[in-house]
Amino acid sequence: MDAIISEQYDFSAQVIKNVDLREAALSTKRFEDCSFIGCNFSDAEFLKCKFYDCDFTDCNLSSAKLSASAFRDVKFKTCKLLGVNWTRASWSRLQLPSPIEFDGCLLDSSIFAGLYLSEIRMEGCRALNVDFTGATCDHASFVQTDFQGSLFENTNLASADFTDATNYSIDVFNNIVKNATFTLPEAIRLLDALEINLIN
């Protein structure tokens, strides 16, 4: 299957399992309605590839380069996506809901700065030191996700759901948080920007 992916360009409704293409260079490939299971794409480069209605389960895409590659209705479940710069992918000029979602993934050191990610789903994830600067994440679901060290600045988080999310640092003066949902006691973190003293 590894050789087939390297040589073939169009894939439709295929289940692709346990391929190891770490550090591979994949160019102008189109995957539609495909399922990737247990695959290793760490340090691989996807150049002008298209992923439409695809699912990734238990895959490793850490440090993958998404050079001008397009994602539409793509789901990642229990995947490892450390250090991925999502700003290098190809994003629709139309302001449509987020084309990607994450369930139980490792997203440390990823970059989403400036992206339109309305309604993004990032649930039960570990998202340490992730950059959301200037991103639009209104109506997002960040339930049970750990945001230790992540950067929210000029980020639109209106109506976002942070239920049982942890370790976030969100300046309510420099981000839009209207109608967002937070859970106590973690929500006390929102008071950090007020520079007040809390007495227990």
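Residues numbered from 1 in each chain as written. Predicted model: local features only at pLDDT ≥ 70, side-chain atom pairs only at ≥ 80, totals over all residues. Heavy atoms only, no water.

Description of the state of the cysteines
- According to the stated counting rule, one finds zero disulfides in the structure shown.
- With no disulfide of its own, C34 lies closest to C54 among cysteine sulfurs, the gap being 4.9 Å.
- With relative accessibility at 1%, the residue C34 sits in the buried group. (Disulfide = S-S within 2.5 Å. Buried < 20%, exposed > 50% of the residue type's maximum accessible area, 1.4 Å probe, protein only.)

Details of the pattern of salt bridges
- Across all of its chains, the model carries seven salt bridges by this definition.
- One salt bridge connects R121 with E101, and the closest N-O pair in it is separated by 3.1 Å. Linking R121 in strand β12 (residues 121–123) with E101 in strand β11 (residues 100–103), this pair joins segments that are 20 residues apart in sequence.
- Here R121 falls in the partly exposed class, since its relative accessible area comes to 25%.
- Its relative accessible area of 22% is what places E101 among the partly exposed residues.
- Two residues, R189 and E186, come together in a salt bridge whose shortest N-O distance is 2.7 Å.
- Shared partners join several salt bridges into a network, and the residues in it are E101, D103, R121 and E123. (Salt bridge = Lys/Arg side-chain N within 4 Å of Asp/Glu carboxyl O. Helix = DSSP H or I, 4+ residues; strand = E, 2+ residues; numbered from the N terminus.)

Considering the environment of D53
- Of note, D53 is situated in the loop between β7 (50–52) and β8 (55–57).
- Owing to a relative accessible area of 32%, D53 belongs among the partly exposed residues under this scheme.
- Spatially, the C-alpha atom of D53 lies 5.4 Å from that of V74, the residues being 21 residues apart in sequence.
- With sequence-adjacent residues up to four places away left out, D53 is seen in contact with D33, C34, R72 and D73. (Contact = heavy atoms within 4.5 Å.)

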